[in-house]
Amino acid sequence: MSRPRKNAGRRGARPKKPSRSPSIPETDLKFKLYEAAVQSSAWQMRYLPLFHRRFTGKPATSMREDFCGTGRIACDWVKKSPHHRALGLDLDAVTLEYADRVNRAALPSAEREQVSFALQNVLFPTREKFDVIGAHNFSFFVFHERRDLLAYAKAALRSLKKDGTFFLEMAGGQGFVETESNSQTVVVPEVGKVKYVWEQHPYDPVTKVSDYSIHFRLPNGRWLNDAFTYHWRLWEIREVREILLEAGFRDTRVLWPTDETMSEYVEVEHGDDADVWLAYVVGIR
Ligand SMILES: C[S@@+](CC[C@H](N)C(=O)[O-])C[C@H]1O[C@@H](n2cnc3c(N)ncnc32)[C@H](O)[C@@H]1O
């Protein structure tokens, strides 16, 4: 199996002339590699407003990106209009510094004012309220206990406007718990051809916890081992829906990809037992 390739069919154009000699500061390198190999905001830019309007009848202009990392989604969100506003939350100061210095700084000055980042635990509500809150790339799997996921759902609910929506991205299936690794070559701007390795460590069926790692090999042969590591509880869709309702959301929906490129999503009440599945659970306030 290969890790759900969220970017299949979603990534933008590749760079025309990749350089072979990295000129990127060492501290920035792993973030650049991660963004090129793993992240794309295309899905969120298209589907967050679309499903928000479908579920609430209202447009979405304010968005909070939880576990925002380098803040790509927040920075792309504010490009939509001068009325769009985004806040990214993350616990890691080094990652947020990169989000601000590199991604936010790359925006035109007016858009720069529309996005901000805060060093904050998502378990606490923000004073500012949003139309949409999203936790992408399975980031909420960092919560292992039901009480913690419930606390997160309650904090998100308190941070949403009336008719706000809460998008939680999930992955699962037998292929997502098999012990294995797979790799692919990614062309990274200013770096060149990089080998990206996704490693799945042995799954514990008692705790439902599994470890995952991302490694990179640079064009000069140097390895960045364990550039990113994750210790994830693998939640089920049904239990997440139940927790959202318990937290006080008035309804929940499930979004499921229609094909293997995982680029088209529809609302479902049943899914196929795919080797690896990706889905969003949405809570509606
Ligand atoms: C998998 S990365 C997510 C990167 C990005 N959101 C993406 O979609 O690829 C997880 C991030 O969550 C942050 N994080 C973990 N626990 C957190 C918490 N309780 N509150 C806020 N951020 C947290 C970590 O610092 C890390 O940057």
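For the structure itself, look to the data block above.
Bear in mind the structure is a predicted one, so any value in this text is a computation, not a measurement.

Participant: So what exactly am I meant to see when it comes to the overall build of the protein chain here?
Facilitator: A tally of helices and strands in the protein chain yields 7 helices and 12 strands. At 18 Å, the protein chain has a C-alpha radius of gyration in line with the 19 Å of a compact globule built from 285 residues. Within the protein chain, contacts between residues separated by at least 24 positions form 68% of all contacts whose residues are at least 6 apart in sequence.

Participant: Just checking my understanding: could you explain the site of the ligand for this structure?
Facilitator: Taken together, 17 residues sit near the ligand, with Phe67, Gly69, Leu91, Asp92 and Asn137 positioned nearest. Broken down by class, the residue content of the shell around the ligand amounts to 8 nonpolar, 7 polar and 2 charged.

Participant: Looking at this structure, how should I read the sheet that holds strand β1 (residues 62–66)?
Facilitator: Strands in a sheet are paired, the pairing made by backbone hydrogen bonds, and the direction either parallel or antiparallel. Taken together, the 8 strands give an open sheet; going across it, the order is β3-β2-β1-β4-β5-β12-β10-β11, and neighbouring strands pair in mixed fashion. Taken across any chain shown, the strands that pair with only one partner, and hence form the sheet edges, are β3 (115–119) and β11 (265–268). Recorded for the sheet is a direction-independent mean angle of 20 degrees between the axes of neighbouring strands. Bridging between strand β4 (residues 130–135) and strand β5 (residues 160–172) involves 5 bridges; their strand directions are parallel. What sits directly across from alanine 135, in β5, is leucine 168.

Participant: It is not clear to me how the packing of helix α6 (residues 146–158) against helix α7 (residues 237–247) should be interpreted in this structure. Could you clarify?
Facilitator: Between two packed helices, what matters for the description is the angle formed by their axes and the separation of those axes. Their axes nearest at 9 Å, the elements α6 and α7 cross at an angle of 55 degrees. The pairing of α6 with α7 is recorded here as oblique in orientation. In this structure, α6 crosses over α7, and the sense of that crossing is right-handed. Counted together, Arg146, Leu149, Leu150, Ala153, Lys154 and Leu157 of α6 and Ile243, Leu244, Glu246 and Ala247 of α7 form the full contact between these two elements. Tallied by class, residues from the contact of α6 with α7 come to 7 nonpolar, no polar and 3 charged.

Participant: Quick question: what am I supposed to make of the sheet that holds strand β7 (residues 192–200) here?
Facilitator: Sheet architecture is open: 4 strands sit in the order β6-β7-β8-β9, paired in antiparallel fashion. Pairing within the sheet leaves two strands with one partner each, and these edge strands are β6 (180–188) and β9 (223–233). This sheet shows a mean twist of 20 degrees between the axes of neighbouring strands, independent of strand direction. In the sheet, β7 pairs with strand β8 (residues 209–217) via 6 bridges, with the strands oriented antiparallel. Note on β8: the bridge partner recorded for glutamine 200 is tyrosine 212.

Definitions and limits used
Residues numbered from 1 in each chain as written. Predicted model: local features only at pLDDT ≥ 70, side-chain atom pairs only at ≥ 80, totals over all residues. Helix = DSSP H or I, 4+ residues; strand = E, 2+ residues; numbered from the N terminus. Rg over C-alpha atoms; globule rule 2.2 N^0.38 Å. Contact = placed C-beta atoms within 7 Å. Near = placed C-beta within 6 Å. Nonpolar A, V, L, I, M, F, W, Y, C, P; charged D, E, K, R; others polar. Pairing = 2+ DSSP bridges. Axes fitted to C-alpha atoms, helices over the stretch in contact; angles between N-to-C directions. Parallel < 35°, antiparallel > 145°, perpendicular 65-115°, else oblique. Left-handed = near helix turned anticlockwise from the far one by under 90°.

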